[in-house]
Amino acid sequence: MPKITYIENNGKEHVIDAPVGQTVMEAAIKHGVPGIDADCGGACACATCHVYVDPAWTDKTGEASSMEQSMLDFANDVEDTSRLSCQIKVTDALDGLVVRLPRSQH
Amino acid sequence: MSEIKRVIIIGAGQAGGETAQRLRQGGFEGDVTLIGEEPLAPYQRPPLSKKYLAGELDAERLQLRPPEVYAEEQIALLTGTRAVWIDRANRRVRLEGGRELSYDALVLATGARPRMLKLAGADLAGSHVVRTVADIDGFKDKFQAGAKLVVIGAGYIGLETAAVARQRGLDVTVIESAVRPLARVTCPEVAGFWLDEHTSKGVRFMLSAQPALIKGVERVTGVRLADGSEIAADLVIAGIGVTPETTLAQQCSLTVEDGIVTDRQCRTADDAIYAIGDCARRPMVHYDNRMARLESVHNAVEGAKIVAAAILGRDPPTEEAPWFWSDQYDLKFQIAGLFQGYDRIVRRGDPAERAFAAFYFKAGRLIAVDAVNRPAEYLGAKLLIQTGRSVAPAVLEDSSRPMKEIVAAAKD
């Protein structure tokens, strides 16, 4: 199963086994990683699962859709590598993915 | 209040489940007991009429968290369990079967029950509602291409069900007693957009129509309307709203007015008892503290945050502007704010392009937005409402100005 590393804003790391087909958000929520709220459960409706994809991985995670980009425009502390983690599907190619979490989702 | 060592949460839906989780995340070390009537650990309801019904999400992925997490966090999750009595004087809850539990703080997150059709034939096989996993599983095998589906009620549940049904190739008729769909939750223009959208996808609407009885022997075969006309049906699904589940609250004499009445901290008149989620009614801080009962994920999660903070003795969280969403076909419908009492609507974008937003104003202030495939308009308006800012209607009407810029320039 692909492993994903989530790094909280305070530096604390969580390495999670993420099932292929789920999203990067779901794997975090199901393991209680603090710092991802995902209030809407992955419907791209709330913009509270914001992450920064490690620059080494941005080619593999792909680009945000225009819907996702519009949501990100209103998130806090957005950077070039910002994504909504509910929109990144876990694949075998993402084994080893590293994402960092923002200070706050609200 | 004296030290809280034992928290009982009645209702293991999203509000109840999130409360338990947030108490533990916040460092609460006392007992947490989460009591739910359904056999399942807390799960998300919104996908039931969307991706779960469409078969794109299985029951395991609906779960808010894996069931084993509750034991790991020492949350006593009692599924398939009914609480039947609250003894306020002695701070005890009695379960079906007679077991009693004591609490220092009690959270009522009892949710709501779907309204049932009060018609002859409503109890026939093939007549269903949409509220629980078991409800969907009860008709999934009949929800197949070619089947004739009659949906009663053109609210969110009815329309989402109709959309999935058309995508699956069912023959769909929607019966609605009002003159338009979504009459309770949106303006005529936005309702008209959804009527056109569904009609173009092949849904037949019977508006201003009253069902009189469900026909059939053992299984449903059709629906007869009050005007005598009949529609053949293999499956009848009613989406005619919900009733807040307040039986326990009424039994122990808490104030109930279409929902258990609470203050802004979700506390009832009994300071050891809180009520959150679909079953509760609280003042809306962004709307002059008007009392409202919201049926939404936002409200469930926010209630959980507020109660967890209160029990932990922390500062309350900042309240969000209410928000909602609906997925129908390939469209994302996002709603922020409460539109009741609006006196003006301003539109950005074009319904004909299936991407537009309707902004609701009351006495010159922005109070709500309905956005179809316009996430920036949705999030921008939500931010304005929850920070108490507004913009002139004419500014929003200028589609050439990006929403982000409009929000950044908005004043108090």
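Just so it is clear, the structure is predicted and the values come from calculations on it, not from any experiment.

*Asks:* Just checking my understanding: could you explain the overall build of chain A for this structure?
*Replies:* The helix and strand tally for chain A stands at three helices and five strands. Along chain A, helices (α) and strands (β) appear in the sequence β-β-α-β-α-α-β-β when read from the amino end. Against the 2.2 N^0.38 benchmark of 13 Å for 106 residues, chain A shows a C-alpha radius of gyration of 12 Å, consistent with a compact globule. Seen through its principal axes, chain A has C-alpha atoms that stretch 35 × 25 × 25 Å. Of all 106 residues assigned to chain A, the portion counted as buried reaches 41%.

*Asks:* Could you clarify how one ought to interpret the overall build of chain B in this entry?
*Replies:* Regarding its fold elements, chain B presents 11 helices and 26 strands. Compactness check: chain B gives a C-alpha radius of gyration of 22 Å against a globular reference of 22 Å for 412 residues, within 12% of the reference. For chain B, the spread of C-alpha atoms along the principal axes amounts to about 65 × 60 × 35 Å. Of the contacts made within chain B by residues no fewer than 6 positions apart, 60% connect residues no fewer than 24 positions apart.

*Asks:* Looking at this model, I keep getting lost on the sheet that holds strand 15 (residues 230–232) of chain B. Mind explaining?
*Replies:* The strands that make up a sheet pair up through hydrogen bonds in the backbone, lying either parallel or antiparallel. All names here are of chain B. Judged by pairing direction, the sheet is antiparallel, and its three strands sit side by side in the order 13-14-15 without closing on themselves. Each end of this open sheet is capped by a strand with a single partner; those strands are strand 13 (211–217) and strand 15. Each adjacent strand pair in this sheet contributes to an overall mean axis angle of 25 degrees, direction not counted.

*Asks:* Please explain the sheet that holds strand 3 (residues 50–53) of chain A as it appears in this structure.
*Replies:* Residues and elements named next belong to chain A. A sheet is described by the order of its strands in space; here five strands give the open sequence 2-1-5-3-4, paired in mixed fashion. Across the chains shown, the open sheet's two edge strands, defined by having one partner strand only, are strand 2 (13–17) and strand 4 (82–84). For this sheet, the mean inter-axis angle between neighbouring strands, taken without regard to orientation, is 35 degrees. Looking at chain direction, strand 1 (residues 3–7) and strand 2 are connected through five bridges and run antiparallel. When the bridges of strand 2 are listed, Tyr6 appears paired with His14.

*Asks:* Please clarify how the nonpolar core should be interpreted in this entry.
*Replies:* It is characteristic of soluble globular proteins that their nonpolar side chains tend to be buried jointly. In this structure, Val24 of chain A together with Val107, Leu108, Val236, Ile276, Val307 and Val369 of chain B are the most contacted members of the largest nonpolar core, which totals 150 residues. Ranked by residue count, the leading element in this core is helix 8 (residues 297–312) of chain B, at nine residues. Discounting chain neighbours no more than four positions away, the residues touching Ile276 of chain B are Ala15, Thr19, Val107, Ala109, Cys266, Gly303, Ala304 and Val307 of chain B.

*Asks:* Quick question: what am I supposed to make of the interface of chain A and chain B here?
*Replies:* Counting from both sides, the interface comprises 17 residues of chain A and, opposite them, 20 residues of chain B. At three residues, helix 3 (residues 66–72) of chain A tops the list of elements feeding residues into the side of chain A that touches chain B. Residue composition of the side of chain A that touches chain B, grouped by class: nine nonpolar, four polar and four charged.

*Asks:* Can you walk me through the confidence of the model for chain B in this structure?
*Replies:* Do not read the fine detail of predicted coordinates wherever pLDDT is low. Chain-level pLDDT for chain B is 96 on average; 100% of the residues reach the 70-or-more range. Interface confidence for the predicted complex, given as ipTM, is 0.90, next to a pTM of 0.95.

*Asks:* Looking at this structure, how should I read the environment of Ala59 of chain B?
*Replies:* Residue and element names in this part refer to chain B. Looking at where Ala59 falls in the secondary structure, it is placed in helix 2 (residues 59–62). Residue Ala59 is classed as exposed on the basis of its C-beta count, with 12 C-beta atoms lying within 10 Å. When the C-alpha positions of Ala59 and Asp137 are compared, they lie 10.0 Å apart, and in sequence the two are 78 residues distant.

*Asks:* Whenever I open this one, the environment of Ser296 of chain B confuses me. Can you help?
*Replies:* Structurally, Ser296 of chain B is set in the loop between strand 21 (290–292) and helix 8. With sequence-adjacent residues up to four places away left out, Ser296 of chain B is seen in contact with Pro322 and Phe324 of chain B.

*Asks:* Which parts of the structure should I look at to understand the pairing of strand 4 (residues 83–87) of chain B?
*Replies:* Within a regular strand, side chains alternate between the sheet's two faces. Residues and elements named next belong to chain B. In this sheet, strand 5 (residues 92–95) lies alongside strand 4 in antiparallel orientation, the contact comprising four bridges. Directly across from Ala83, in strand 5, lies its bridge partner Leu95. In textbook terms, the turn of a hairpin is the stretch between consecutive antiparallel strands, and for strand 4 and strand 5 this stretch comprises four residues, one of which, Arg91, has a positive phi near 50 degrees.

*Asks:* What is the right way to read the packing of helix 1 (residues 14–25) of chain B against helix 8 of chain B from this model?
*Replies:* Helix packing for two helices is described by the angle between their axes and how far apart those axes are. Residues and elements named next belong to chain B. It is the contact of helix 1 with helix 8, at a shortest axis distance of 8 Å, that shows an interaxial angle of 35 degrees. For the crossing formed where helix 1 meets helix 8, the hand is right-handed. Note on element contacts: helix 8 touches helix 1 through Val297, Ala300, Val301, Gly303, Ala304, Lys305, Val307, Ala308 and Ile311, opposite Gln14, Ala15, Glu18, Thr19, Arg22 and Leu23.

*Asks:* Help me understand the domain arrangement of chain B in this model?
*Replies:* Accessible area lost when the parts come together is the quantity often used to give the size of an interface. Residues and elements named next belong to chain B. In terms of domains, chain B is made up of domain 1 (6–113 + 242–312), domain 2 (116–238) and domain 3 (330–409). On a C-alpha basis, the centroid separation for the pair domain 1 and domain 2 is 30 Å. At the junction of the two partners, domain 1 supplies 11 residues and domain 2 supplies nine residues. Among the residues forming the side of domain 1 that touches domain 2, the class breakdown is eight nonpolar, one polar and two charged.

*Asks:* What is the right way to read helix 9 (residues 375–386) of chain B from this model?
*Replies:* Given 3.6 residues per turn, any residue in an α-helix points the same way as the ones three and four places further on. Residue and element names in this part refer to chain B. The end-to-end C-alpha separation of helix 9 is 16 Å, in line with the 16 Å expected for 12 residues at 1.5 Å each. Buried within helix 9 we find Pro375, Ala376, Glu377, Tyr378, Leu379, Gly380, Ala381, Lys382, Leu384 and Ile385. One or two residues past the end of helix 9 sits Gly388, with phi positive at roughly 70 degrees.

*Asks:* Even after reading the chapter, I still don't get the pairing of strand 3 of chain A, so can you show me in this structure?
*Replies:* All names here are of chain A. Relative to strand 4, strand 3 is paired through three bridges, and the arrangement is antiparallel. Paired with Tyr52 across the bridge in strand 4 is Ser82. Here strand 3 pairs with strand 5 (residues 98–100) via two bridges, running antiparallel. Bridging across to strand 5, Val53 finds its partner in Val99.

*Asks:* Help me out: how do you make sense of helix 1 of chain B in this one?
*Replies:* All names here are of chain B. Its 12 residues place the ends of helix 1 16 Å apart at the C-alpha level, agreeing with the 16 Å of an ideal helix rising 1.5 Å per residue. Within helix 1, 10 of the 12 residues are buried, which leaves it mostly tucked inside the rest of the structure. What helix 1 keeps buried is the set Gln14, Ala15, Gly16, Gly17, Glu18, Thr19, Ala20, Gln21, Arg22 and Leu23. Looking at the buried positions of helix 1, the neighbouring elements they touch are strand 1 (6–10), strand 2 (31–35), strand 3 (75–78), strand 7 (105–108) and helix 8. Residue Gly27 follows helix 1 closely and has a positive phi angle near 95 degrees.

Quick notes on the rules
- Residues numbered from 1 in each chain as written.
- Chains lettered and ligands numbered in written order.
- Predicted model: local features only at pLDDT ≥ 70, side-chain atom pairs only at ≥ 80, totals over all residues.
- Helix = DSSP H or I, 4+ residues; strand = E, 2+ residues; numbered from the N terminus.
- Rg over C-alpha atoms; globule rule 2.2 N^0.38 Å.
- Buried ≥ 20, exposed ≤ 12 C-beta atoms within 10 Å, placed from the backbone.
- Contact = placed C-beta atoms within 7 Å.
- Pairing = 2+ DSSP bridges.
- Axes fitted to C-alpha atoms, helices over the stretch in contact; angles between N-to-C directions.
- Core = buried A, V, L, I, M, F, W, Y, C linked by C-beta atoms within 7 Å.
- Nonpolar A, V, L, I, M, F, W, Y, C, P; charged D, E, K, R; others polar.
- pLDDT = per-residue confidence, 0-100.
- Left-handed = near helix turned anticlockwise from the far one by under 90°.
- Domains from an automatic or database assignment.
- Expected span 1.5 Å × (residues − 1).

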